[in-house]
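# Understanding the architecture of this molecule
Given next are the chains, with one letter for each unit.
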Amino acid sequence: MTEQKRVILVTGANKGIGFEVVKKFLQESSSKTNNNDVILLGSRNIKRGEDAIQQLGCPSNVHLLQLDTSSKESIILATNEIKQKYNGHLDILINNAGIVPREDSIEAAKSTLATNYYGVKMVNEHLIPLLHENGRVINVASTVGSMGLYICSKELQKRYTSSTLTIEELDHLVEDFLSAFESHNLEHMGYPSELPFKAYSVSKAALIALTRIEAREYSHKKNISIYAVCPGFCATDLNNNAAGARSASLGADSILYMINTPTNELENGGFYRDGEKLSQICDDDAAVRAYIEHSKKLVEKIQ
Ligand SMILES: NC(=O)c1ccc[n+]([C@@H]2O[C@H](COP(=O)([O-])OP(=O)(O)OC[C@H]3O[C@@H](n4cnc5c(N)ncnc54)[C@H](OP(=O)(O)O)[C@@H]3O)[C@@H](O)[C@H]2O)c1
């Protein structure tokens, strides 16, 4: 049976987990009869994107889409390209592009939030309107967000997880975090000094919260499903290929699971890893303590 062709965009797909996601979509697509999903490999840098496509053997259904997710101009150009070249058709959007700050500075914190939170928000604002009926969006988050929230103040926990939280209120939370970071006032705001990778942690906690809001806002329009997914701790350039981490391919499986599982088995707006639903605030004290210890060594290697 011939199945419907899908148009799939993976951001930040020139390497790491995003590249593995593209590879898996490609494998899936070639195993179907007479089906060639169109896969848009997002890359902020053209050369790195072209090299990635070369590594895949230049398949005819994988196309480069230049997209810097932290730039509104770049997002508008990419949106127009999808409208012109692919009839404004999009079925699956994987917001994978992400960064970890390499230093403990306000500039690094701002660019981390610009890509990991504001960037995903902007991409979704522009591209979700192009999604077809039953389209799916994956916001690639991290348990670093839910474990970080566990050690934040009760007041912050309440605000991030409020069922009535709006995007404007979430933007304020993120802006207040950045102001407090700049004025060295984070503890007073409820972000403890032991919070590892502060800006990264807040960016992913905010992304998990954003996913719930987006699911509320968009699902009734075209039956669109939006999920936050943690790929698990994977050895990639993000963490200088940390020893003992799982493969990026396994991380990609965690993402693909959310595309291939029927929506009635998933909670729209939910946060998942390896197909398992996770809570917005991690509830495993021992896991959080182990993570804080482990992060101390990781911070030294990364920053
Ligand atoms: N690795 C892990 O253990 C882990 C765990 C949990 C969650 N995650 C999340 O998984 C996602 C992928 O991470 P990864 O481990 O595969 O990292 P990676 O190997 O460093 O790859 C990150 C990708 O994102 C791209 N990127 C960064 N900023 C961008 C921007 N502004 N616009 C467009 N692309 C941008 C990078 O492009 P360049 O090559 O141009 O830099 C690269 O293609 C991230 O969202 C990360 O937070 C990773």
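Just above sits the structure.
Overview of the structure. (Residues numbered from 1 in each chain as written. Predicted model: local features only at pLDDT ≥ 70, side-chain atom pairs only at ≥ 80, totals over all residues. Heavy atoms only, no water.)

### Considerations on the site of the ligand
Close to the ligand lie 29 residues; N14, N96, Y200, C234 and T236 are nearest. Alone, the ligand offers 900 Å² of accessible surface; in the complex the protein occludes 95% of this. Broken down by secondary-structure element, the contributors of at least two residues to the shell around the ligand are α1 (16-31) and α9 (198-222). Here the shell around the ligand is built from residues that sort into 11 nonpolar, 12 polar and six charged. (Near = heavy atom within 4 Å. Areas by Shrake-Rupley, 256 points an atom, 1.4 Å probe, with all protein chains shown as cover. Helix = DSSP H or I, 4+ residues; strand = E, 2+ residues; numbered from the N terminus. Nonpolar A, V, L, I, M, F, W, Y, C, P; charged D, E, K, R; others polar.)

### Here we look at α9
Along an α-helix, residues three or four positions apart point the same way, because every turn accommodates 3.6 residues. For α9, built from 25 residues, the straight-helix expectation of 36 Å at 1.5 Å per residue is met to within 8% by its first-to-last C-alpha distance of 36 Å. Phi turns positive, to about 60 degrees, at N223, one or two residues after α9. (Expected span 1.5 Å × (residues − 1).)

### As for the environment of E155
Relative to the elements of secondary structure, E155 occurs in helix α6 (residues 154-161). Given a relative accessible area of 46%, E155 falls into the partly exposed group. With 86 residues separating them in the primary sequence, E155 and T69 have C-alpha atoms 31 Å apart. (Buried < 20%, exposed > 50% of the residue type's maximum accessible area, 1.4 Å probe, protein only.)

### A short note on the pattern of salt bridges
Considering all chains together, one arrives at 13 salt bridges under this definition. Between E293 and K296 there is a salt bridge whose closest N-O contact spans 2.8 Å. Within this pair, E293 and its partner K296 are both found in helix α11 (residues 285-302), separated by three residues, close to a single helical turn. By relative accessible area, E293 is classed as partly exposed at 44%. Ionic contacts of the salt-bridge type, sharing partners, join the residues R6, E28 and D37 into one network. (Salt bridge = Lys/Arg side-chain N within 4 Å of Asp/Glu carboxyl O.)

### Considering the nonpolar core
Core analysis: the biggest nonpolar cluster contains 49 residues, and L113, Y117, Y160, L170, F177, Y191 and F271 have the highest contact counts within it. For this core, the secondary structure elements donating two or more residues are α4 (106-127), α5 (143-150), α6, α7 (167-182), α9, β6 (225-230) and α11. Among the elements that make up this core, the one with the highest residue count is α9 (10 residues). Setting aside residues no more than four positions away along its own chain, Y160 makes contact with L149, L165, L170, L173, Y191, V202, A205, A206, A209, R212 and Q280. Among the nonpolar cores identified, the runner-up in size contains 30 residues, and V22, A52, C234 and A248 belong to it. (Core = buried A, V, L, I, M, F, W, Y, C linked by side-chain atoms within 4.5 Å. Contact = heavy atoms within 4.5 Å.)

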